[in-house]
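Fold and geometry: a report
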Amino acid sequence: MSNWRIIDLPRITDQRGNLTFIEGGRHIPFSVARVYYLYDVPGGASRGGHAHLQLEQLLIAATGSFDVIVDDGQRRETISLRRSYYGLYLSNMTWRELDNFSSGSVCLVLASRPYEEEDYIRDYASFQAKAIG
Ligand code: T46
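Here goes a summary of the coordinates provided. This is a predicted model, so every value here is computed, not measured. (Residues numbered from 1 in each chain as written. Predicted model: local features only at pLDDT ≥ 70, side-chain atom pairs only at ≥ 80, totals over all residues. Heavy atoms only, no water.)

1. Considerations on the pairing of strand 10 (residues 95-99)
- Bridge count for strand 5 (residues 47-52) against strand 10 is three bridges, and the pairing is antiparallel. Residue R47 lies in a different strand from strand 10, and its bridge partner there is L98.
- Pairing between strand 7 (residues 66-71) and strand 10: five bridges, direction antiparallel. Bridging across to strand 10, D71 finds its partner in W95. (Pairing = 2+ DSSP bridges. Helix = DSSP H or I, 4+ residues; strand = E, 2+ residues; numbered from the N terminus.)

This is the structure we're talking about:
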């Protein structure tokens, strides 16, 4: 089973504008403990470059677009997010790098746990050794 997948979120379309909602445990496979967002990302910047021991997340391009490079230690894929009704689910032990942010883009993140520095693996070789056992 893959460490990542696109989740097609519910869409309520309306002449007044569209609405998407997310219920923890229903649309995504975890309860939401934290929400944060990346914004005002300068052109050419990249974020991430780490994995998490336990954390699961859902990444959404709430506005604009960006690319997410995902890696399970054996397989690497680049996923472009550009629609606010698609979420990219990342399981624990998934390496991620984010780049190619469009001007004004916002990366909205729902997370299964509070911020815990000890949950990060920041060295790729250590991540890969742990991931492939
Ligand atoms: C991920 C990508 C998409 C906090 O104090 N609380 C938080 O909830 C977060 C996420 C960060 N921070 C502090 C820790 C650092 O001093 O904010 C600073 C920047 O964090 P970081 O370098 O981890 O940011 P990104 O954008 O490289 O990575 C973050 C998440 O850490 C990561 O899990 O998937 O956003």
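2. Here we look at the packing of aromatic side chains
- The full count for this structure, using the stated rule, is eight aromatic pairs.
- An angle of 90 degrees between the planes, with centres 5.1 Å apart, marks the rings of W95 and Y124 as edge-to-face. With W95 in strand 10 and Y124 in helix 1 (residues 124-132), this pair connects stretches of sequence that are 29 residues apart.
- Grouping aromatic residues by their ring pairs yields a cluster made of W95, Y124 and F127.
- Above the face of the Y89 ring, R5 is positioned so that its terminal group lies 4.8 Å from the ring centre.
- For R11, the ring lying beneath its charged end belongs to Y85, and the centroid distance is 3.6 Å. (Phe/Tyr/Trp six-rings, centres within 6.5 Å; stacked < 30°, edge-to-face > 60°. Lys NZ or Arg CZ within 6 Å of the ring centre and 35° of its normal.)

3. A closer look at the pattern of salt bridges
- Overall, the coordinates contain eight salt bridges when judged by the stated rule.
- Between E77 and R75 there is a salt bridge, with the nearest N and O atoms lying 3.3 Å from each other.
- For E77, a relative accessible area of 31% gives the class partly exposed.
- Between E97 and R76 there is a salt bridge, with its nearest N and O atoms 3.7 Å apart. Placement of the pair is E97 in strand 10 and R76 in strand 8 (residues 76-81), with a sequence separation of 21 residues.
- Of the residues examined, E97 reaches a relative accessible area of 24% and is grouped as partly exposed.
- Here the salt bridges share partners, and the residues they tie into one network are D71, R76 and E97. (Salt bridge = Lys/Arg side-chain N within 4 Å of Asp/Glu carboxyl O. Buried < 20%, exposed > 50% of the residue type's maximum accessible area, 1.4 Å probe, protein only.)

Any functional reading would require information that these geometric values do not contain.
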